[in-house]
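A structural walkthrough
For reference, the chains in residue letters:
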Amino acid sequence: MRPRFAIALTVVIAAQMLATAPPAPASPAEAAPTRGGRLIVTFRDEVADGAVGAAHRAARGRLRRHLEAIHSDVVAVDDVAGALATYRGRPDVVSVEVDGKVRALAPPSDNLYPLQWNLQPVGGANRGTLNWEPVHPLLQGAGVMVAIVDSGIREGGTDGFELGVVRSDIDYDFVRDDPVADDENGHGTHIAGTIAQRTDNLTGGGGGPSVAGVASKAQLLPIKVLDELGEGSTSDAAAAILYAAQQGAKVINLSLGGDYSAALCRAVARASATALVIAASGNEAEGGLVPVAYPAACPTAIGIGALRYDGSRAPYSNTGCELAATAPGGDLSAAGRLFAPRDARNGVLQETFDPASNQFGFFYDSGTSMAAAHAAGAAAVLLGVNPDLATVRRALLGSARDLGPAGPDDHYGSGALDLTDAVVAARSGNNPAPRDAVGYWMVAADGGIFSFGEAGFLGSTGDLRLNSPIVSMARTPSGQGYWLVAADGGIFSFGDAKFFGSTGAMRLNKPIVGMAATGSGQGYWLVASDGGIFAFGDAAFYGSTGGRRLNSPIVGIGTERTGRGYWLVGSDGGIFAFGEAGFFGSTGAIRLNQPIVAITPTPTGDGYWLVASDGGIFAFGDAGFFGSTGAIKLNRPIVGLAPTCYGTGYWMVASDGGIFAFGSAPFLGSTGAIALNQPIVSMEMAIDHRFSQG
């Protein structure tokens, strides 16, 4: 793969905002802590009154109120720390906590806050918000370090950041290898504003406009990897991620993206041991669905897509099984641009530095960059509540508002991040992992579809009279549809799969043996047994073996991750690579026990598996070997293979529908015990969204 890296932001929609609003009263400062105070003590249901009294005497607690319905007592104590220890040491006490404060919650006093739909409560048409306002001003991420790996941060302006928030003592510029990460683009400063813009400062400190940030008391570590054009190298990004972890960052924001890099994903994995690594999914999907960009697609990253004001997926936002969740990003579609900047719902408003004018201003930006920043700010707030990374990750994703089809999906991941619900989850201890969704389809020669796990049944040709048998199937990028292809090249589309053409009316030299969809879902390739390629929709022709004399017939096709190339495989395991598909090895020179029946690329596109009819597995490039049926006596031959989302396992299917699961691939069911009308010919992963990122 050629490394490509750039800001995860397609268009900047800018408008200096001069609107004003009447100031709201500032939040009262909390009283200084004292040794004395009140506690709420909850006892087990069966505890006798005598034991309750003994507990209070031991802790020197004076009863002030009895809450019978919840078996709790409110007591006054002279030594809070000592009383807490005494109560917690008793087996008859369920919980004890300091009797805290509640107060009327109000929007921040910043005079441009009414334009920040992205932070306001869920309500009416606003379903894309982070739902930040209900936790303000009690939770602001104090002391949590957030590394912003971006174009740097420029301090100044009328709003800016609270004193000491920006860690200019340990920032670093990897572009020029110097210790000052000063922003020359404006992108990093805007991202920093969403995460920690100074909040509740009434008139912006100098009589000008003011906006709010998600975690205004968090610490910001600027790390510069993007130059004035918003471009940088993969190696600098990897180095920056490692540097952020070394400096103690607990959240690492990556509002940038590019192609797959093994080194980059290794850096993300290393940093994920001590930090939550949050990355933008990418902004290339306007013309059709595009896979999640890297590093968001790295196995241990938290990939974040973008939402519009109404909670719909922003049309530019990249999708895929690697997507963890979504957050406010704004609207970059052609329709959205028509009403910017007149309608604040189009973008995300923050103060940033404008290099064109060499001045600060308040700008609407839109993109998955902004969505990732909201997630990073939310993570900082949650880590201020509970410092355990695993707990915060569960709370963040498990509390997301479900959008789209029920459960996790490729467009929204777990759903829209909801900071208010996440805080409740992180505090309550009732914080289960988000729901998993895994499923696969298999297809028979008559086009009968068998769905297992979370795979939805979307239709079949099982009750049609076909001119030729079905030979393969392909999944749409959304996972909400599939195509079936017959040996004569006839195409059958189900769910959100669209028909772009077929060879059903053509006289073919050889039968069709396989198909593969483009990354956008707006086209597909068919391949014949002589390696002839037929491209439909936005599928580009990169070459074929149609004019060559082959040692063995072609039996399958696999596509490079971005759709800029494909592989063909012969029954002897010979590999033919076209476009940007790389050659990683073959079995063409090996004497095989049984013929190869399929090729399956890894999710990164930097490797592939070949599977033989006896279930022997040949792994090349970054494809891992997780097991095979090569040493097992099979009832029926293997006909297909499908990998898990991150390529950490795979399923194999036999012609009787028997399923063999290896690595992280779970067994979800099979047709091995069912009498089939026609043999199984292929299988596809339908969905794989797992909290464990298997």
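Residues numbered from 1 in each chain as written. Predicted model: local features only at pLDDT ≥ 70, side-chain atom pairs only at ≥ 80, totals over all residues. Heavy atoms only, no water.

Scanning the chain for helices and strands turns up nine helices and 34 strands. By principal-axis analysis of the C-alpha atoms, the chain measures approximately 90 × 70 × 45 Å. For the chain, the proportion of its 694 residues judged to be buried stands at 58%. Considering only contacts in the chain between residues 6 or more positions apart, those separated by 24 or more positions represent 62%. Carbon and sulfur atoms form 52% of the exposed surface of the chain, whose accessible area is close to 27,100 Å². Here the chain contributes 47 positively and 63 negatively charged side chains, and the mean placements of these two sets differ by 4 Å. (Helix = DSSP H or I, 4+ residues; strand = E, 2+ residues; numbered from the N terminus. Buried < 20%, exposed > 50% of the residue type's maximum accessible area, 1.4 Å probe, protein only. Contact = heavy atoms within 4.5 Å. Areas by Shrake-Rupley, 256 points an atom, 1.4 Å probe, with all protein chains shown as cover. Lys, Arg positive; Asp, Glu negative; His and termini not counted. Charge placed at Lys NZ, Arg CZ, Asp CG, Glu CD.)

Let us now look at the confidence of the model for the chain. On average, the chain scores 90 in pLDDT, and the residues at 70 or more come to 91%. Here residues 9–34 is a poorly scored stretch, pLDDT under 50, and it has 48 contacts once near neighbours within four places are set aside; other chains count. Low confidence marks residues 334–340, where pLDDT is under 50. Its contacts with residues over four positions away, or in another chain, come to 11 contacts. (pLDDT = per-residue confidence, 0-100.)

Our focus in this paragraph is the state of the cysteines. Under the definition given, this model contains two disulfides. At a sulfur-sulfur separation of 2.1 Å, the disulfide partner of Cys265 is Cys298. Looking down the S-S bond of the Cys265 and Cys298 bridge, the torsion is -80 degrees, so its handedness is left-handed. Taken together, the residues span a long stretch of sequence, with Cys265 in helix 5 (residues 262–271) and Cys298 in the loop between strand 12 (276–280) and strand 13 (302–307) at a distance of 33 residues. There is no split in this pair, since Cys265 and Cys298 are both buried. Residue Cys321 pairs covalently with Cys645 via a disulfide, S to S 2.1 Å. With the S-S bond torsion at 90 degrees, the cross-link from Cys321 to Cys645 turns out right-handed. With Cys321 in the loop between strand 13 and strand 14 (323–328) and Cys645 in the loop between strand 31 (638–643) and strand 32 (649–654), this residue pair connects regions lying 324 residues apart in the sequence. Like Cys645, Cys321 is buried. Here the chain pairs its bonded cysteines, counted in sequence order, in the arrangement 1-2, 3-4. (Disulfide = S-S within 2.5 Å.)

Below, the discussion takes up the nonpolar core. Within the largest apolar cluster, 59 residues are counted, with the highest numbers of intra-cluster contacts made by Trp132, Ile195, Leu220, Ile278, Ile304, Leu417 and Leu419. Those elements giving two or more residues to this core turn out to be strand 7 (145–150), helix 3 (187–196), strand 12, strand 13, strand 14, helix 7 (368–385), helix 8 (389–398) and helix 9 (419–428). Broken down by element, this core gets its largest block of residues, 12 residues, from helix 7. Apart from residues lying up to four places away in sequence, Leu417 is in contact with Thr129, Leu130, Ile304, Ala325, Thr326, Ala327, Ala375, Leu396, Leu397, Ala400 and Arg401. (Core = buried A, V, L, I, M, F, W, Y, C linked by side-chain atoms within 4.5 Å.)

Glancing now at the pattern of salt bridges. The tally for this structure, following the rule as stated, stands at 18 salt bridges. Of the charged contacts in the structure, one is a salt bridge between Arg561 and Glu322, with a shortest N-O distance of 3.2 Å. Taken together, the residues Arg561 in the loop between strand 25 (554–559) and strand 26 (565–570) and Glu322 in the loop between strand 13 and strand 14 connect sequence positions 239 residues apart. Each member of the pair, Arg561 as well as Glu322, is classed as buried. (Salt bridge = Lys/Arg side-chain N within 4 Å of Asp/Glu carboxyl O.)

Turning our attention to the pairing of strand 5 (residues 72–77). With respect to burial, strand 5 is a largely interior element, six of its six residues being buried. Across the two faces of strand 5 the burial is the same, with Ser72, Val74 and Ala76 and Asp73, Val75 and Val77 all buried. With six bridges joining them, strand 3 (residues 37–43) and strand 5 adopt antiparallel strand pairing. Opposite Leu39, over in strand 5, you have Val75 as the bridge partner. Alignment of strand 4 (residues 62–67) against strand 5, held across five bridges, turns out to be antiparallel. From the neighbouring strand, Leu67 faces strand 5, where its bridge partner is Ser72. Between strand 4 and the antiparallel strand that follows it, strand 5, lie four residues; His71 among them carries a positive phi value of about 55 degrees. (Pairing = 2+ DSSP bridges.)

Right, let's talk about unusual backbone geometry for a bit. The residue after His136, namely Pro137, is reached through a cis peptide bond having omega 0 degrees. For the bond from Tyr294 to Pro295, the omega torsion is 15 degrees, close enough to zero to count as cis. With respect to the secondary-structure elements, Pro295 resides in the loop between strand 12 and strand 13. With phi around 55 degrees, His71 is a residue other than glycine that occupies positive phi space.

So, about the side chain of Glu560. If you trace the backbone, Glu560 turns up in the loop between strand 25 and strand 26. Lacking a salt bridge, the buried Glu560 has Arg564 as its closest oppositely charged neighbour, with an N-O distance of 4.8 Å. A polar contact is formed between the side chain of Glu560 and the backbone nitrogen of Arg564, at a distance of 3.2 Å. (Polar contact = N/O pair within 3.5 Å; in protein donor to acceptor, adjacent residues only side chain to side chain.)

The four strands are arranged 4-5-3-6 in an open sheet whose pairing can be described as antiparallel. Sheet topology places strand 4 and strand 6 (93–98) at the edges, where each strand pairs with a single neighbour. The mean inter-strand angle of the sheet, taken between neighbouring strand axes irrespective of direction, is 25 degrees. Its contacts with the sheet place helix 1 (residues 49–59) against strand 3, strand 4 and strand 5, and it is angled at close to 20 degrees to strand 5. (Axes fitted to C-alpha atoms, helices over the stretch in contact; angles between N-to-C directions.)

For the rest of this paragraph, the subject is the packing of aromatic side chains. Aromatic ring pairs are described here by two measures, namely the spacing of the ring centres and the angle between the planes. Considering all chains together, one arrives at 23 aromatic pairs under this definition. Seen from their ring centres, Tyr172 and Phe174 are 4.8 Å apart, and the 65 degrees between their planes marks the pair as edge-to-face. Residue classification places Tyr172 among the partly exposed residues on the basis of a relative accessible area of 22%. Residues Trp609 and Tyr650 carry aromatic rings whose centres are separated by 5.6 Å and whose planes lie at 70 degrees to one another, so their mutual orientation is edge-to-face. Separated by 41 residues along the polypeptide, Trp609 in strand 29 (residues 607–612) and Tyr650 in strand 32 bring together distant segments of the chain. For the pair formed by Trp609 and Tyr650, the shared burial category is buried. Taken together, Trp483, Phe500, Tyr524 and Phe536 form an aromatic cluster joined through their ring pairs. Over the ring of Phe353 we find Arg154, and its NZ or CZ is 3.9 Å from the ring centre. Across the ring face of Phe691, the terminal group of Arg393 is positioned such that the distance to the ring centre comes to 4.3 Å. (Phe/Tyr/Trp six-rings, centres within 6.5 Å; stacked < 30°, edge-to-face > 60°. Lys NZ or Arg CZ within 6 Å of the ring centre and 35° of its normal.)

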